[in-house]
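The residues making up each chain are set out below.
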Amino acid sequence: MEPAALVQGASRGIGLALVQELLAAGAHARIFATCRNPEKAEQLRALADAHPRLALVRLDVTREEEIAEAARIVRDEAGRLDLLINAAGLLHDAAGVGPEKRLEAISGEILQRVFEVNAFGPLLVTKHFYPLLKHEGRAVLANISARVGSIGDNRLGGWYGYRGAKAAQNMFTRTAAIELARRAPNAVVVAIHPGTVDTDLSKPFQRSVRPEKLFDPRLAARQILSVLDGLTPQASGSFYAWDGSSIPW
Ligand SMILES: NC(=O)c1ccc[n+]([C@@H]2O[C@H](COP(=O)([O-])OP(=O)(O)OC[C@H]3O[C@@H](n4cnc5c(N)ncnc54)[C@H](OP(=O)(O)O)[C@@H]3O)[C@@H](O)[C@H]2O)c1
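Predicted model only: the values in this text are computed from it and were never measured.

> When you look at the overall build of the protein chain in this model, what are you seeing that I'm missing?
Each helix and strand counted, the protein chain has six helices and nine strands in total. Scaling as 2.2 N^0.38, a compact globule of 249 residues should have a C-alpha radius of gyration of about 18 Å, and the protein chain matches this with 17 Å. In terms of its C-alpha atoms, the protein chain occupies a principal-axis envelope of roughly 50 × 40 × 40 Å. Counting the 249 residues in the protein chain, one finds 44% classified as buried. Long-range contacts, defined here as pairs at least 24 residues apart, represent 69% of the contacts in the protein chain between residues at least 6 apart.

> Teacher, can you tell me more about the sheet that holds strand β9 (residues 239-241) here?
What holds strands together in a sheet is hydrogen bonding between their backbones, with the strands either parallel or antiparallel. If you walk across this open sheet you meet the seven strands as β3-β2-β1-β4-β5-β6-β9, and the pairing is parallel. The strands lining the two open edges of the sheet, one partner per strand, are β3 (54-58) and β9. The average undirected angle you get between the axes of adjacent strands in this sheet is 20°. In terms of strand pairing, strand β1 (residues 4-8) meets strand β4 (residues 83-86) through four bridges, oriented parallel. Opposite leucine 6, over in β4, you have leucine 84 as the bridge partner.

> Help me understand the pairing of β3, please; the structure alone is not making it clear to me.
Each regular strand shows side chains that alternate between the opposite faces of the sheet. Relative to β3, strand β2 (residues 30-35) runs parallel, the two sharing five bridges. Within β3, the position partnered with alanine 33 by the bridge is leucine 56. Viewed along the sheet, the connection from β2 through helix α2 (residues 42-50) into β3 turns out right-handed.

> Any chance you could explain the pairing of strand β5 (residues 139-144) here in plain terms?
In terms of burial, β5 is largely enclosed, as six of its six residues are buried. Here β5 shows two buried faces, one formed by Ala139, Leu141 and Asn143 and the other by Val140, Ala142 and Ile144. Strand direction decides the pairing type here: β4 and β5, joined by four bridges, are parallel. Opposite leucine 83, over in β5, you have valine 140 as the bridge partner. In this view, the connection linking β4 to its parallel neighbour β5 by way of helix α4 (residues 108-129) has right-handed handedness. Two elements, β5 and strand β6 (residues 187-193), share six bridges in a ladder whose sense is parallel.

> Even after reading the chapter, I still don't get the nonpolar core, so can you show me in this structure?
For soluble globular proteins, the rule of thumb is that nonpolar side chains tend to be buried together. Ranked by internal contacts, the top residues of the largest apolar core, which has 72 residues, are Leu18, Val19, Ala33, Leu81 and Leu133. Top element by residues in this core is α4. It accounts for seven residues. Those residues within four positions of leucine 133 in sequence are excluded, and the remaining contacts are Leu81, Leu84, Ala139, Leu141, Ala184 and Ala187.

> What is the right way to read the site of the ligand from this model?
Within the structure, the ligand sits among 27 residues, and Gly13, Ala88, Gly89, Thr199 and Leu201 are positioned closest to it. Elements with a contribution of two residues or more to the shell around the ligand: α1 (13-25) and β7 (196-197). Here the shell around the ligand gets three residues from one element, more than from any other, and that element is α1. Residues of the shell around the ligand, tallied by class, amount to twelve nonpolar, eleven polar and four charged.

> Before we go on, may I ask you to explain unusual backbone geometry in this structure?
Trans peptide bonds make up the majority, and among non-glycine residues the majority have a negative phi. Notably, tryptophan 159 is not glycine yet its phi reads approximately 55°, a positive angle. Structurally, tryptophan 159 can be placed in the loop between β5 and α5 (160-183). For tryptophan 159, a count of 21 C-beta atoms within 10 Å translates into the label buried.

> How should the packing of α1 against α2 be read in this particular structure?
Think of two packed helices as two axes; the pair is described by the angle between the axes and how far apart they sit. Remark: α1 packs on α2, axes separated minimally by 11 Å, with the N-to-C direction vectors making an angle of 15°. Classified by the angle between their axes, α1 and α2 sit roughly parallel to one another. As α1 runs across α2, the sense of the crossing is left-handed. Across the interface between the two elements, Leu16, Val19, Gln20 and Leu23 from α1 touch Gln43, Leu44 and Leu47 from α2. Its residues placed into classes, the contact of α1 with α2 shows five nonpolar, two polar and no charged.

> Could you clarify how one ought to interpret helix α3 (residues 64-78) in this entry?
Spanning 15 residues, α3 covers 21 Å between terminal C-alpha atoms, matching the ideal 21 Å at 1.5 Å per step. Looking at α3, one finds that the buried residues are Ile67, Ala70, Ala71, Val74 and Ala78. Buried residues along α3 cover an arc of 100° about the axis, so they all sit on one side. Facing away from the buried surface of α3 by more than 90 degrees, the exposed residues are Glu65, Arg72 and Asp76. On its buried face, α3 is in contact with β1, β2, β3 and α4.

Thresholds, definitions, all that
- Residues numbered from 1 in each chain as written.
- Predicted model: local features only at pLDDT ≥ 70, side-chain atom pairs only at ≥ 80, totals over all residues.
- Helix = DSSP H or I, 4+ residues; strand = E, 2+ residues; numbered from the N terminus.
- Rg over C-alpha atoms; globule rule 2.2 N^0.38 Å.
- Buried ≥ 20, exposed ≤ 12 C-beta atoms within 10 Å, placed from the backbone.
- Contact = placed C-beta atoms within 7 Å.
- Pairing = 2+ DSSP bridges.
- Axes fitted to C-alpha atoms, helices over the stretch in contact; angles between N-to-C directions.
- Right-handed = clockwise from strand over helix to strand, strands pointing away.
- Core = buried A, V, L, I, M, F, W, Y, C linked by C-beta atoms within 7 Å.
- Near = placed C-beta within 6 Å.
- Nonpolar A, V, L, I, M, F, W, Y, C, P; charged D, E, K, R; others polar.
- Parallel < 35°, antiparallel > 145°, perpendicular 65-115°, else oblique.
- Left-handed = near helix turned anticlockwise from the far one by under 90°.
- Expected span 1.5 Å × (residues − 1).
- Arc of directions from axis to C-beta.

Treat this as a map of the structure, not an account of what it does.
Now the structure itself:
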C-alpha cells in the first residue's frame, strides 16, 4: 500500500493550503481532501481536476454518519493513512457565531455549534479513522488547535466558546494519544497551533497583528508540515506551535 494523506476541512484557508503543499511535496501517492460541500469547493475541484492523485470526499464534522462513510471510502481506496490533519474550525460565521467578550454574550445554542465543529468533530474523525493509522509505518494525526485553547496561557479572557472548544479538543487529543500509544503504537497524535494565519477566520481580528506575524496560508501549511515531519511516536500527546515550540496545556 502506498503512502496516503488526508486533510479534513480543506475547502478554504489552512486546510486548502495544506492540500496544495502536500501536492507540491509529492510524498503521498494518494491525497484525500474532505469538505462538507464538494460541489461548491471550486478551488479544491480545480486542484482535483489537475491532480489525479487528489480525491475529494464529503465530510461534515457535525454529521457522524458522513464521517463513517468517508472513513469507509478512504479505507477502500487507500487502505491506510500516513497523515491525517483535522483542520476544520469555527470562530465566527454569518449565522451569529462570534467570539464572546462578556458573559452576557454567551448562548447555549452557539456554544453547542462551536463545540461540535472544533471539539467533537476531530474526536469523531479520530474514532472512525484511527484503524487506518494502524500499520507498520509512522502515522501522524494532527489536530489544528489554537494557542487561545491553552488554559495555562490564558491571560486575556474572552472568547468563551472558541477557547473552551479548543481546550476540549486539546483534552481529546491528549486522551486519544494515550489510548493509541497502546492500540496504534506507530501513531503520533498531536495538537498544533498554526500561528495567526491570513484566512477568513482571522480576518476580523488582524488589526493588532504585526505584519511579520500574520502568515500567508501556504507558509503556515509548510510550517505545520515541517513540524509534523520531524515528530517521532515519543512526541505523541504534545501541543506544538507552528515553530515546533511547546505550548502549555
Ligand atoms: N487562521 C488563524 O489565524 C488560526 C489561528 C489559530 C488556529 N486556527 C485553526 O486553524 C484551523 C483552520 O482555520 P482557518 O483559518 O483555515 O479557517 P477558515 O478559513 O475559516 O476555514 C475553516 C474551514 O473549516 C471548514 N468547516 C467549518 N465547519 C465545518 C463543518 N461542520 N464540517 C466540515 N468542515 C467545516 C470550512 O468549510 P466551509 O468552506 O464548508 O465553511 C473551512 O474549510 C481551525 O481549526 C482554526 O481554529 C486558525
